[in-house]
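Here are the chains, one letter per residue:
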Amino acid sequence: MVEKSKHPYFREYLDHLILERGAAKATVDAYKRDIIQHLAYLNKQKILFPNNVTSEVFIDYIEELRAQGFQPTSLARKNSSLRRFYRYLQNEGYITEDPCRLSPSPRMTKRFKSAIKQEEVEKLIEAVEQEKNECLRLRDHAMLEFLYATGLRVSELLGLRPGDFDFYHLYVRVMGKGSKERLVPFHDLAADRIKEYLKKSRPALCVRNQGETLFVNSRGKQMSRMGFWKILRKYALLSGLRAEVTPHTLRHSFATHLLENGADLRVLQELLGHSDISTTQIYTHLDQRAIQEAHRKYHPRSRSK
């Protein structure tokens, strides 16, 4: 039996799948089963998870599953589930090296939730104008504008405090998991939205409770990730977007649009807070699709215009 108290990041990861990735319940349940099975194996091996999990340990685990008679499709799914889990742990600073890096990749087509277009982001933000409550409208405008301006993880956004901002130099101090601090720039429009919210909206929302975080709910307390998810979903519906929009969609959109407009991959890595450049390189695949489409459309010899 896996003791939950020893693995707090397990629950965090499941919340990440639901709230930031928008994963379906069946998908989350499948990942949960695969990870619990893996954690049970590590406990039997008396391995302190996750710090002491090496590439050799991970490969031995996959080989043991194969010896138990699991079919290739099941092995591929389990391998993929654990790769995503360990990548999350590395991105969040729980581990320094991914133990899956030397294990053969599963031969499965990876599905990546792509970003929405720039004009769709504009429609999403403009939909906030339909909120009749001025306090909520100013808050929601500031949240969405700032999230798209910085590409923060939703947990980082909701953990910000008013004192983290430097409005003169236009950057915010962000503390990620693993006590990794980084300075993230933002543009003047996002600054105006934040300052307007701080002046006109937040004091009214904090009449009953003096919340310490920048963004608070209608009761003046720190906004939860589920609360933000509901707000985002409301405006996605109001804007008429057909694509599925999750908190992570705006992060993808931020990264993709910067890359499309000429941003350097290393700069993007710093902005997103990725410890490994390989994590950032997923966005080059999105950009490559745009390049291929442009070639198909504009080359004079192309027959697939």
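Residues numbered from 1 in each chain as written. Predicted model: local features only at pLDDT ≥ 70, side-chain atom pairs only at ≥ 80, totals over all residues. Heavy atoms only, no water.

A. Spotlight on the environment of His274. Summarising the element assignment, His274 is placed in the loop between helix H11 (265-272) and helix H12 (277-280). Taking the C-alpha atoms as reference, His274 lies 8.7 Å from Glu92; in sequence the two are 182 residues apart. (Helix = DSSP H or I, 4+ residues; strand = E, 2+ residues; numbered from the N terminus.)

B. The pattern of salt bridges, seen in detail. Taken as a whole and assessed by the stated rule, the structure comprises 13 salt bridges. With its nearest N and O atoms 3.2 Å apart, the salt bridge here joins Glu92 to Arg153. Of the two residues, Glu92 sits in the loop between helix H4 (72-91) and helix H5 (118-126) while Arg153 sits in the loop between helix H6 (134-150) and helix H7 (154-158), which places them 61 residues apart along the sequence. As far as burial versus exposure is concerned, Glu92 and Arg153 are alike and both buried. Among the salt bridges present, the one from Arg182 reaches Glu156, with a minimum N-O distance of 2.9 Å. Taken together, the positions of Arg182 in strand S3 (residues 180-185) and Glu156 in helix H7 put the pair 26 residues apart, joining distant regions of the chain. Three or more residues are tied together by salt bridges with common partners; here these are Glu92, Arg153, Glu156 and Arg182. (Salt bridge = Lys/Arg side-chain N within 4 Å of Asp/Glu carboxyl O. Buried < 20%, exposed > 50% of the residue type's maximum accessible area, 1.4 Å probe, protein only.)

C. Geometry of a negative patch on the surface. A contiguous patch of negative charge on the surface is contributed by Glu119, Glu122, Glu126 and Glu129. Tracing the chain through its elements places Glu122 in helix H5. The class for Glu122 is partly exposed, based on a relative accessible area of 49%. (Patch = residues over 30% accessible without salt bridge, like charges linked within 9 Å, V, L, I, M, F, W, Y side chains within 5 Å. Areas by Shrake-Rupley, 256 points an atom, 1.4 Å probe, with all protein chains shown as cover. Lys, Arg positive; Asp, Glu negative; His and termini not counted. Charge placed at Lys NZ, Arg CZ, Asp CG, Glu CD.)

D. A look at helix H10 (residues 247-260). In this model H10 runs 21 Å from its N-terminal to its C-terminal C-alpha over 14 residues, within 8% of the 20 Å that 1.5 Å per residue would give. Taking burial as the measure, the 14 residues of H10 include 12 buried ones, the bulk of the element. Within the sequence span of H10, burial applies to Pro247, His248, Thr249, Leu250, Arg251, His252, Ser253, Phe254, Ala255, Thr256, His257 and Leu259. (Expected span 1.5 Å × (residues − 1).)

E. Focus on helix H9 (residues 225-239). Taking 1.5 Å as the rise per residue, H9 with 15 residues should run 21 Å; its terminal C-alpha atoms sit 21 Å apart, in good agreement. Taken as a whole, H9 has its buried residues at Arg225, Phe228, Trp229, Ile231, Leu232, Tyr235, Ala236 and Ser239. For H9, the angular spread of buried residues about the axis comes to 165 degrees, placing them on one side. As for H9, its buried residues are in contact with helix H1 (8-20), H5, H6, H7 and H10. Positive phi shows up at Gly240, right after H9, with a value of about 80 degrees. (Arc of directions from axis to C-beta. Contact = heavy atoms within 4.5 Å.)

F. Structural detail: the environment of Cys100. Structurally, Cys100 is set in the loop between H4 and H5. C-alpha separation for the pair Cys100 and Val57, spaced 43 residues apart in sequence, amounts to 9.4 Å. If near-sequence neighbours (up to four positions away) are discounted, Cys100 is found in contact with Phe58, Leu82, Arg83 and Tyr86.

G. Structural context of the sheet that holds strand S2 (residues 171-176). Pairing is antiparallel in the open sheet, where three strands are placed in the order S1-S2-S3. Two strands lie at the open edges of the sheet, namely strand S1 (165-166) and S3, each paired on one side alone. Bridge count for S2 against S3 is six bridges, and the pairing is antiparallel. Bridge pairing in S3 links Arg173 to Leu183. (Pairing = 2+ DSSP bridges.)

H. Highlighting the confidence of the model for the chain. In this model, the chain carries an average pLDDT of 82, and 83% of its residues clear a pLDDT of 70 or more. When mean pLDDT is taken per element in the chain, H6 scores highest with 96 and helix H13 (residues 282-298) scores lowest with 58. Between residues 1-5, whose pLDDT stays under 50, and residues either more than four places distant or in other chains, the model counts six contacts. Segment residues 106-112 is flagged for pLDDT under 50; beyond a separation of four residues in sequence, or across chains, it makes 12 contacts in the model. (pLDDT = per-residue confidence, 0-100.)

I. Spatial organisation of the packing of aromatic side chains. Per the stated rule, a full pass over the model turns up 12 aromatic pairs. Ring plane angle 50 degrees and centroid distance 5.1 Å describe the contact between Tyr13 and Tyr88, whose orientation is recorded as tilted. With Tyr13 in helix H1 and Tyr88 in helix H4, this pair connects stretches of sequence that are 75 residues apart. Overall, Tyr13 belongs to the buried group, its relative accessible area being 2%. (Phe/Tyr/Trp six-rings, centres within 6.5 Å; stacked < 30°, edge-to-face > 60°.)

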